[in-house]
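Topology and contacts: notes
If you want the building blocks of each chain, they are given just below.
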Amino acid sequence: MKGKTSAVKHWVIKMNNEELKIAERVVKYTNSNLFLTGRAGTGKTTFLRQMCTECKKRKVVLAPTGIAAINAGGSTIHSFFQLPFTPYVPGSVFKKETYNLRKQKIKLIRSLELIIIDEISMVRADLLDHIDATLRRIRHAYDKPFGGVQMLMIGDLQQLSPVAKESEWAMLRPYYDTPYFFSSKVFKACKCATIELRQVYRQSDSMFLDLLARVRDNTADVAVLAELNKRYIPNFQPKKEDGYIRLVTHNAIADNINQKELNNLTGKAYTYQAEIDGKFPEYSYPTADILTLKEGAQVMFVKNDPEHAYYNGSIGTVTRLDGEGFNVHLQSGGDVCVEPMEWENTRYVLNEETKEIEEITDGMFRQYPVKLAWAITIHKSQGLTFDRAIIDARRAFSHGQTYVALSRLRTLEGLVLSTPLPQSAIITDWNVVQFTQTLGQNKPAENELSDMERDYQMELLDDLFSMESLKKHLNTFIRLLDEFHRQMYPATYANYRNWTNETLPQLETVSVNFHKQYDRLLSGNETIEHNTLLQERLQKGADYFIEPLAALAKELSETTLKTNNKEGQKRTDETYKAFTEWLSQRLKMLAYVSREGLKPESFLRYRALVFAGLDGDDDIEKTRQMARQRKERIKKSTKKIADASDDLKYPQLYEQLRVWRLDEARKQDVPAFVIFNNAELKNIAKLLPETKEQLGMISGVGEKKLEMYGNTVLEIVNNFVKNHKIDRNWGG
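As the structure is a computational prediction, the values presented were derived from the model and not from experiment.

1. Details of the confidence of the model for the protein
Interpreting fine coordinate detail is not advised for predicted regions of low pLDDT. For the protein, per-residue confidence averages 84 on the pLDDT scale, and 88% of positions sit at 70 or higher. In the model, residues 1-14 has pLDDT below 50 throughout and makes 41 contacts with residues more than four positions away in sequence or in other chains.

Shown next, in the form of structure tokens:
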């Protein structure tokens, strides 16, 4: 028996799954929100954990319940955002003390790039809107859904559903069509890609898969029920060694069965008390805090063994026990000496020294990782996988409950129904059906995915080089000067007015033209980090804008504004602080690009630190000096020949070089631009280098490329020159 973590154990091998590939690209290389769904056993949780490991964006993992959060390795939504459990009415405002977020948590939230929410089907519409409102407020991004943070929402709407008490729903009904997250205001307003995973790894029996699909989609007719009810075995009494588990609809039924079975055992009972340190809410206990066992008791493991002896969901029988512990014989074979294990109640914080998001443990629960398991509720079986189970779903009372129970089994042969399955037990919410029918409309096609990736890159560049934010800050600042300080500080007012009327328009013109340049340079197939010409332009652009913005920052730092008007002074201080903070952030990011270029992954990480105020103080004057020195070196350098890619003189040679590059890229299994980008090949085809020294003078051709490909490239060029009897004019 294996839990969620191992149900798709060989995820990497399965990466020929197109849906998983698309989901990975959306999460890693775009800023688009994504709803990832799929039936049970399609690998949703494994993908989540893969992204936690591989995606370098600054992120947190959240879930709607304590158990779900612990299973996902994250925090609950309410604890992370310090949200009240009361319903949220769109547009309502809670008292300031309701949120009670510390400065460190605020910094963390402002630095986030990605939020992953597991079991999104359990998130109520008003809770998602509350998350949206909180992120917009904390990040000062009121015009962006979720405050500009990318959202990865994972879950199967045909399984767990949100809880909405009648009194709460009476308050929310005027604002929402349904309690589900897809009825939230923010989900309807924002663009959200949707990917449905279809390949099931948990079950391989095609007939069983079809039966499950019919139950899930509420298309189970008489024939489907008849086939399932063939697994009804009246008065079925399994052998103990077979390790069947009973799945029932209500806690009381499960408790009664387990207690009855435990009482039927004649051996001595031993009780094991959990150790609980710090904060660990009772509703998040992964097993009983007071665990009573006897020899012969059937138990289920509720945690994965680090040594892989058992998994979350493994079933076994207690074979030996005393006051110090016990052994379990696993149904899958083998005996285990069970040791206590620990669960942590975690929250996220920013480490001020390392500047990384870290998990802080608020509490610890230490107990033997088992629970009595002759019977468990269907709800608690969510996320588990069994080889054998006895299911009583006749009293199913909620959407998806029967499907969850049946889909826990690997095979139809492992299923036993203790009562016939009636049609009434298959409950489906038609709001979910209607929504899921539209899922395919939001799956991004290849061209849409490429556009999303490019849009993300353009968004990064526009955020950095647009002057719109500067214009807003300046206009707000000048209006404040005009209202409260013009008479006392006429020279200061004149200086900033002149800056707005003279310098700002010049910067806006350059910014608009620069936007056209990098828009054109991004239109090719090369990614931003491998586009040599674009990187050069971006560094030069950063150098250009640093000069006037640094001068403005210096002038601001020397500006003192005082007034006897208390309201005016308060507004002055707030406006001045917001302006100087924004300008400092922009200068730091420009300085970074000036030094390092703009590789999205590393730039995003640095930008997040800047927004969180955790980057340290950049020496802008030093950066300005370095930029000036680089300009001088470029002017004086004769090592590199300028870009000659325009006016392609020998297209046949260029095509030969492209064919060779493609063949080389295939041999190395790398993108073609890693060998040479298009601009470099065009330069070679025009300038016709004869020696390695000349080849090395072409922009973008460094020592590594010379060493790896120099002889081959020169052979192609020299043969072309010889065959076409071309008189070389190097560099001409």
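That shown, we press on.
2. Side note on the packing of aromatic side chains
Per the stated rule, a full pass over the model turns up 31 aromatic pairs. Taken together, a centroid distance of 5.3 Å and an interplanar angle of 90 degrees make the contact between F514 and Y518 edge-to-face. Of this pair, F514 and Y518 both sit in helix α18 (residues 490-521), four residues apart, which is roughly one turn of that helix. When sorted by exposure, F514 lands in the same class as Y518, which is buried.

3. Examining the environment of A445
Mapped onto the secondary structure, A445 falls in the loop between α15 (430-436) and α16 (446-465). Along the backbone, A445 and I22 are 423 residues apart, and their C-alpha atoms lie at a distance of 9.0 Å.

4. Some thoughts on the sheet that holds strand β2 (residues 59-63)
Reading across the sheet, the six strands line up as β3-β2-β4-β5-β1-β6 and stay open at both edges, with parallel pairing between neighbours. The open sheet terminates on both sides in strands that have one partner only, identified here as β3 (75-76) and β6 (192-197). Looking at chain direction, β2 and strand β4 (residues 114-117) are connected through four bridges and run parallel. Opposite V61, over in β4, you have I116 as the bridge partner.

5. Brief notes about the sheet that holds strand β12 (residues 315-322)
One open sheet accounts for five strands, arranged β14-β13-β12-β11-β17; its pairing is antiparallel. Two strands lie at the open edges of the sheet, namely β14 (335-338) and β17 (370-372), each paired on one side alone. Along the sheet, successive strands turn relative to each other by an average axial angle of 40 degrees, direction set aside. As paired elements, β12 and strand β13 (residues 325-330) share six bridges and run antiparallel to each other. Following the sheet pairing, V318 is matched in β13 by V328.

6. Thoughts on the environment of E703
Its location among the elements puts E703 in helix α27 (residues 703-723). Separated by eleven residues in the primary sequence, E703 and K692 have C-alpha atoms spaced 9.8 Å apart.

7. Some points on the pairing of strand β11 (residues 298-301)
The side chains of a regular strand alternate between both faces of the sheet. Of the two faces of β11, the one holding Q298 and M300 and the one holding V299 and F301 are both buried throughout. Note that β11 and β12 share three bridges and pair antiparallel. Bridge pairing in β12 links Q298 to T317. Bridge count between β11 and β17: three bridges; the pairing is antiparallel. Residue M300 lies in a different strand from β17, and its bridge partner there is K371.

8. Side note on the nonpolar core
The biggest cluster of nonpolar side chains holds 45 residues, and the ones touching the most others in it are F465, L470 and L538. Sorting the residues of this core by element identifies α16, α17 (468-485), α18, α19 (532-557), α20 (566-596) and α21 (600-612) as the ones contributing at least two each. Sort the elements by how many residues they give to this core and α19 lands first, with ten residues.

9. A word on the pattern of salt bridges
Summed over all chains, the structure comprises 29 salt bridges. As a salt-bridge pair, E655 and R658 come within 3.1 Å of each other at their nearest N and O atoms. Residue E655 and its partner R658 are both found in helix α23 (residues 651-668); the two are separated by three residues, about one turn of the helix. Each of D156, E196, R198, R216 and D217 takes part in a single network of salt bridges with overlapping partners.

10. A look at the packing of helix α7 (residues 103-111) against helix α8 (residues 125-139)
The interhelical angle for the contact between α7 and α8, taken along N-to-C directions, is 100 degrees, at an axis separation of 9 Å. Taken together, the axes of α7 and α8 lie roughly perpendicular to each other. Listed contacts from α8 to I106, I109, R110 and S111 of α7 are L135, I138 and R139. Of the residues that constitute the contact of α7 with α8, the class distribution is four nonpolar, one polar and two charged.

11. Re unusual backbone geometry
Leaving glycine out, the prevailing phi sign among residues is negative, and the prevailing peptide bond configuration is trans. Despite not being glycine, N235 has its phi angle at roughly 55 degrees, a positive value. Mapped onto the elements of the fold, N235 is located in the loop between α12 (222-229) and β7 (245-248). What makes N235 exposed here is its relative accessible area of 70%. One non-glycine residue, L688, lies in positive phi territory at about 55 degrees. Tracing the backbone shows L688 in the loop between α25 (678-687) and α26 (692-695). When its relative accessible area of 4% is taken as the criterion, L688 is described as buried.

12. Thoughts on empty space enclosed by the protein
What the rule picks out here adds up to three cavities of 30 Å³ or more. In this structure, the second largest cavity occupies an estimated 50 Å³ of space. Q158, V215, R216, H399, G400, Q401, T402, Y403, I426, I427 and T428 together form the lining of the second largest cavity. For the lining of the second largest cavity, the secondary structure elements donating two or more residues are α11 (206-216) and α14 (401-406). In terms of residue count, α14 provides more of the lining of the second largest cavity than any other element does, three residues in total.

13. Observations concerning α27
Its 21 residues place the ends of α27 28 Å apart at the C-alpha level, agreeing with the 30 Å of an ideal helix rising 1.5 Å per residue. Along α27, the largest kink reaches about 65 degrees and is centred on Y709. By the burial criterion, the buried members of α27 are K705, L706, Y709, G710, V713, L714, I716, V717, F720 and V721. Taken together, the buried residues of α27 touch α23, α24 (672-675), α25 and α26. Trailing α27 by a residue or two, K725 shows a phi angle of about 50 degrees, which is positive.

14. Digging into the packing of α16 against α20
As a packed pair, α16 and α20 sit with axes 10 Å apart at the nearest point and diverge in direction by 120 degrees. The angle between α16 and α20 places the two elements in the oblique class. Residues D463, L464 and F465 of α16 lie in contact with α20, whose contacting residues are R586, M589, L590 and V593. Of the residues in the contact of α16 with α20, the class split is five nonpolar, no polar and two charged.

15. Overview of the pairing of β14
Alternating positions in β14 separate cleanly, V336 and V338 being buried on one face and D335 and C337 remaining unburied on the opposite face. If you look at the hairpin formed by β13 and β14, you'll find four residues sitting between the two strands, and G333 has a positive phi there, around 110 degrees.

16. Some points on the state of the cysteines
Taken as a whole, this structure holds zero disulfides when the rule is applied. Free of any disulfide, C52 has its nearest neighbouring cysteine sulfur in C55, separated by 8.9 Å. Residue C52 is classed as partly exposed on the basis of its relative accessible area of 30%. Of the cysteine sulfurs around C190, a residue in no disulfide, the closest is that of C192, at 5.4 Å.

17. A look at the side chain of Q569
Within the fold, Q569 resides in helix α20. Residue classification places Q569 among the buried residues on the basis of a relative accessible area of 14%. For Q569, the residues in contact, after removing those within four places along its chain, are L561, K562 and T563.

Rules used in this analysis
- Residues numbered from 1 in each chain as written.
- Predicted model: local features only at pLDDT ≥ 70, side-chain atom pairs only at ≥ 80, totals over all residues.
- Heavy atoms only, no water.
- pLDDT = per-residue confidence, 0-100.
- Contact = heavy atoms within 4.5 Å.
- Phe/Tyr/Trp six-rings, centres within 6.5 Å; stacked < 30°, edge-to-face > 60°.
- Helix = DSSP H or I, 4+ residues; strand = E, 2+ residues; numbered from the N terminus.
- Buried < 20%, exposed > 50% of the residue type's maximum accessible area, 1.4 Å probe, protein only.
- Pairing = 2+ DSSP bridges.
- Axes fitted to C-alpha atoms, helices over the stretch in contact; angles between N-to-C directions.
- Core = buried A, V, L, I, M, F, W, Y, C linked by side-chain atoms within 4.5 Å.
- Salt bridge = Lys/Arg side-chain N within 4 Å of Asp/Glu carboxyl O.
- Parallel < 35°, antiparallel > 145°, perpendicular 65-115°, else oblique.
- Nonpolar A, V, L, I, M, F, W, Y, C, P; charged D, E, K, R; others polar.
- 1 Å grid on protein atoms, 1.4 Å probe; cavity = no way out; pocket = protein on both sides within 12 Å on 5 of 7 lines; lining within 4 Å.
- Points joined across faces, edges and corners; volume = space filled by probe spheres on them.
- Expected span 1.5 Å × (residues − 1).
- Bend = angle between axes of the 7 residues up to and from the residue.
- Disulfide = S-S within 2.5 Å.

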